Amino acid sequence: MKNFYVTITLLILIILFASLQSFWGGLVYFALSFLIILCLYWIIIFINQYIVDYYSTFEEDFKKYCAEIINSTSITSQELNENINFYKKKYKRSLIRDKVFDIAKILFAFSVIASCIAGMTMV
(Lines give C-alpha, C1' and ligand atoms only; values in the text may rest on other atoms or scores of the structure.)
Protein backbone atom coordinates (compact mmCIF):
# COMPACT_ATOMS: atom_id res chain seq x y z
CA MET A 1 0.00 0.00 0.00
CA LYS A 2 2.97 2.29 0.68
CA ASN A 3 4.11 1.86 -2.94
CA PHE A 4 0.68 2.98 -4.13
CA TYR A 5 0.74 6.15 -2.02
CA VAL A 6 4.28 7.08 -3.04
CA THR A 7 3.51 6.51 -6.72
CA ILE A 8 0.26 8.47 -6.64
CA THR A 9 1.89 11.38 -4.78
CA LEU A 10 4.78 11.58 -7.23
CA LEU A 11 2.46 11.27 -10.24
CA ILE A 12 0.32 14.12 -8.92
CA LEU A 13 3.44 16.28 -8.52
CA ILE A 14 4.63 15.35 -12.03
CA ILE A 15 1.26 16.23 -13.57
CA LEU A 16 1.01 19.43 -11.54
CA PHE A 17 4.43 20.76 -12.55
CA ALA A 18 4.02 19.62 -16.15
CA SER A 19 0.69 21.40 -16.44
CA LEU A 20 2.09 24.59 -14.91
CA GLN A 21 4.89 24.87 -17.46
CA SER A 22 2.93 27.49 -19.39
CA PHE A 23 3.47 29.90 -16.47
CA TRP A 24 7.18 29.24 -16.18
CA GLY A 25 9.16 26.88 -18.40
CA GLY A 26 11.48 25.92 -15.56
CA LEU A 27 8.73 23.85 -13.93
CA VAL A 28 9.38 21.15 -16.53
CA TYR A 29 12.65 20.46 -14.73
CA PHE A 30 10.73 19.85 -11.53
CA ALA A 31 8.38 17.45 -13.33
CA LEU A 32 11.32 15.57 -14.85
CA SER A 33 13.07 15.51 -11.47
CA PHE A 34 10.04 13.95 -9.82
CA LEU A 35 9.83 11.43 -12.67
CA ILE A 36 13.47 10.49 -12.03
CA ILE A 37 12.71 10.11 -8.31
CA LEU A 38 9.73 7.89 -9.15
CA CYS A 39 11.85 5.70 -11.42
CA LEU A 40 14.63 5.46 -8.83
CA TYR A 41 12.07 4.44 -6.22
CA TRP A 42 10.70 1.68 -8.44
CA ILE A 43 14.20 0.51 -9.41
CA ILE A 44 14.97 0.00 -5.73
CA ILE A 45 11.67 -1.85 -5.25
CA PHE A 46 12.26 -4.05 -8.32
CA ILE A 47 15.84 -4.90 -7.35
CA ASN A 48 14.80 -5.75 -3.79
CA GLN A 49 11.96 -7.91 -5.10
CA TYR A 50 14.33 -9.60 -7.57
CA ILE A 51 16.81 -10.47 -4.83
CA VAL A 52 14.11 -11.82 -2.54
CA ASP A 53 12.39 -13.84 -5.27
CA TYR A 54 15.44 -15.46 -6.83
CA TYR A 55 18.05 -15.66 -4.11
CA SER A 56 16.51 -15.52 -0.66
CA THR A 57 13.61 -17.89 -1.25
CA PHE A 58 15.26 -20.13 -3.86
CA GLU A 59 15.54 -23.22 -1.65
CA GLU A 60 11.97 -22.95 -0.39
CA ASP A 61 10.61 -22.50 -3.91
CA PHE A 62 12.76 -25.37 -5.17
CA LYS A 63 11.27 -27.65 -2.50
CA LYS A 64 7.79 -26.72 -3.70
CA TYR A 65 8.88 -27.42 -7.28
CA CYS A 66 10.19 -30.85 -6.24
CA ALA A 67 6.92 -31.63 -4.46
CA GLU A 68 4.99 -30.70 -7.59
CA ILE A 69 7.20 -32.97 -9.70
CA ILE A 70 6.75 -35.87 -7.29
CA ASN A 71 2.98 -35.37 -7.18
CA SER A 72 2.48 -34.94 -10.91
CA THR A 73 4.81 -37.66 -12.23
CA SER A 74 5.80 -41.18 -11.30
CA ILE A 75 9.16 -40.09 -9.89
CA THR A 76 9.86 -41.03 -6.29
CA SER A 77 11.60 -38.72 -3.85
CA GLN A 78 14.60 -41.06 -3.78
CA GLU A 79 15.01 -40.79 -7.56
CA LEU A 80 14.66 -37.05 -7.34
CA ASN A 81 17.29 -36.79 -4.61
CA GLU A 82 19.70 -38.90 -6.68
CA ASN A 83 19.39 -36.48 -9.61
CA ILE A 84 19.03 -33.29 -7.59
CA ASN A 85 21.49 -31.32 -9.74
CA PHE A 86 19.51 -32.11 -12.90
CA TYR A 87 16.28 -30.91 -11.32
CA LYS A 88 17.94 -27.74 -9.98
CA LYS A 89 19.13 -26.91 -13.49
CA LYS A 90 15.64 -27.62 -14.83
CA TYR A 91 14.11 -25.36 -12.18
CA LYS A 92 16.58 -22.56 -12.92
CA ARG A 93 15.68 -22.79 -16.62
CA SER A 94 12.02 -22.46 -15.74
CA LEU A 95 12.80 -19.22 -13.87
CA ILE A 96 14.59 -17.61 -16.81
CA ARG A 97 11.43 -16.15 -18.35
CA ASP A 98 10.44 -14.56 -15.06
CA LYS A 99 13.96 -13.23 -14.51
CA VAL A 100 14.07 -11.71 -17.98
CA PHE A 101 10.76 -9.93 -17.37
CA ASP A 102 11.95 -8.57 -14.01
CA ILE A 103 15.25 -7.38 -15.50
CA ALA A 104 13.32 -5.74 -18.36
CA LYS A 105 11.29 -3.74 -15.82
CA ILE A 106 14.49 -2.51 -14.19
CA LEU A 107 16.06 -1.61 -17.54
CA PHE A 108 12.90 0.23 -18.61
CA ALA A 109 13.06 2.39 -15.49
CA PHE A 110 16.76 3.10 -16.19
CA SER A 111 15.91 4.08 -19.77
CA VAL A 112 13.23 6.49 -18.54
CA ILE A 113 15.80 8.06 -16.23
CA ALA A 114 18.32 8.34 -19.07
CA SER A 115 15.77 9.96 -21.35
CA CYS A 116 14.76 12.42 -18.61
CA ILE A 117 18.38 13.39 -18.04
CA ALA A 118 18.89 13.75 -21.79
CA GLY A 119 15.76 15.87 -22.01
CA MET A 120 16.93 18.08 -19.17
CA THR A 121 20.31 18.70 -20.79
CA MET A 122 18.92 19.30 -24.29
CA VAL A 123 16.35 21.92 -23.27
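Reading the values: the criteria
Residues numbered from 1 in each chain as written. Predicted model: local features only at pLDDT ≥ 70, side-chain atom pairs only at ≥ 80, totals over all residues. Heavy atoms only, no water. Helix = DSSP H or I, 4+ residues; strand = E, 2+ residues; numbered from the N terminus. Expected span 1.5 Å × (residues − 1). Buried < 20%, exposed > 50% of the residue type's maximum accessible area, 1.4 Å probe, protein only. Arc of directions from axis to C-beta. Contact = heavy atoms within 4.5 Å. Axes fitted to C-alpha atoms, helices over the stretch in contact; angles between N-to-C directions. Parallel < 35°, antiparallel > 145°, perpendicular 65-115°, else oblique. Left-handed = near helix turned anticlockwise from the far one by under 90°. Patch = residues over 30% accessible without salt bridge, like charges linked within 9 Å, V, L, I, M, F, W, Y side chains within 5 Å. Areas by Shrake-Rupley, 256 points an atom, 1.4 Å probe, with all protein chains shown as cover. Salt bridge = Lys/Arg side-chain N within 4 Å of Asp/Glu carboxyl O.

Student: Sorry if this is basic, but what is going on with helix 3 (residues 58–72) here?
Tutor: Since the α-helix advances by 3.6 residues per turn, residues separated by three or four positions end up pointing in the same direction. Look at helix 3: 21 Å from first C-alpha to last across 15 residues, which is about the 21 Å you get at 1.5 Å a residue. Of the positions making up helix 3, those classed as buried are Phe58, Phe62, Tyr65, Cys66 and Ile69. Each buried residue of helix 3 lies within a common arc of 100° when the element is viewed along its axis, so the set occupies one face. Facing away from the buried side of helix 3 by more than 90 degrees, the exposed set consists of Lys63, Glu68 and Asn71. Residues of helix 3 that are buried make contact with helix 2 (27–56), helix 4 (77–82) and helix 5 (84–122).

Student: Help me out: how do you make sense of the packing of helix 1 (residues 2–19) against helix 2 in this one?
Tutor: To describe two helices that pack against each other, one gives the angle between their axes and the distance between the axes. Direction vectors running N to C along helix 1 and helix 2 enclose 160°, while the axes themselves pass 7 Å from each other. The pairing of helix 1 with helix 2 is recorded here as roughly antiparallel in orientation. For the pair helix 1 and helix 2, the sense of crossing is left-handed. Contacts between helix 1 and helix 2 involve Lys2, Asn3, Val6, Thr7, Leu10, Leu11, Leu13, Ile14, Phe17 and Ala18 from the first element and Leu27, Phe30, Ala31, Phe34, Leu35, Ile37, Leu38, Tyr41, Trp42 and Ile45 from the second.

Student: Looking at this model, I keep getting lost on a nonpolar patch on the surface. Mind explaining?
Tutor: Together, Met1, Phe4, Tyr5, Ile8, Leu11, Ile12 and Ile15 make up an exposed nonpolar region whose accessible area comes to about 760 Å². Along the chain, Ile15 falls in helix 1.

Student: Help me understand helix 2 in this model?
Tutor: Over its 30 residues, helix 2 runs 42 Å from end to end, which matches the ideal 44 Å to within 8%, given 1.5 Å per residue. All of the buried residues along helix 2 are Leu27, Ala31, Leu32, Ile36, Leu38, Cys39, Tyr41, Ile43, Phe46, Tyr50 and Tyr54. Its buried side turned inward, helix 2 meets helix 1, helix 3 and helix 5.

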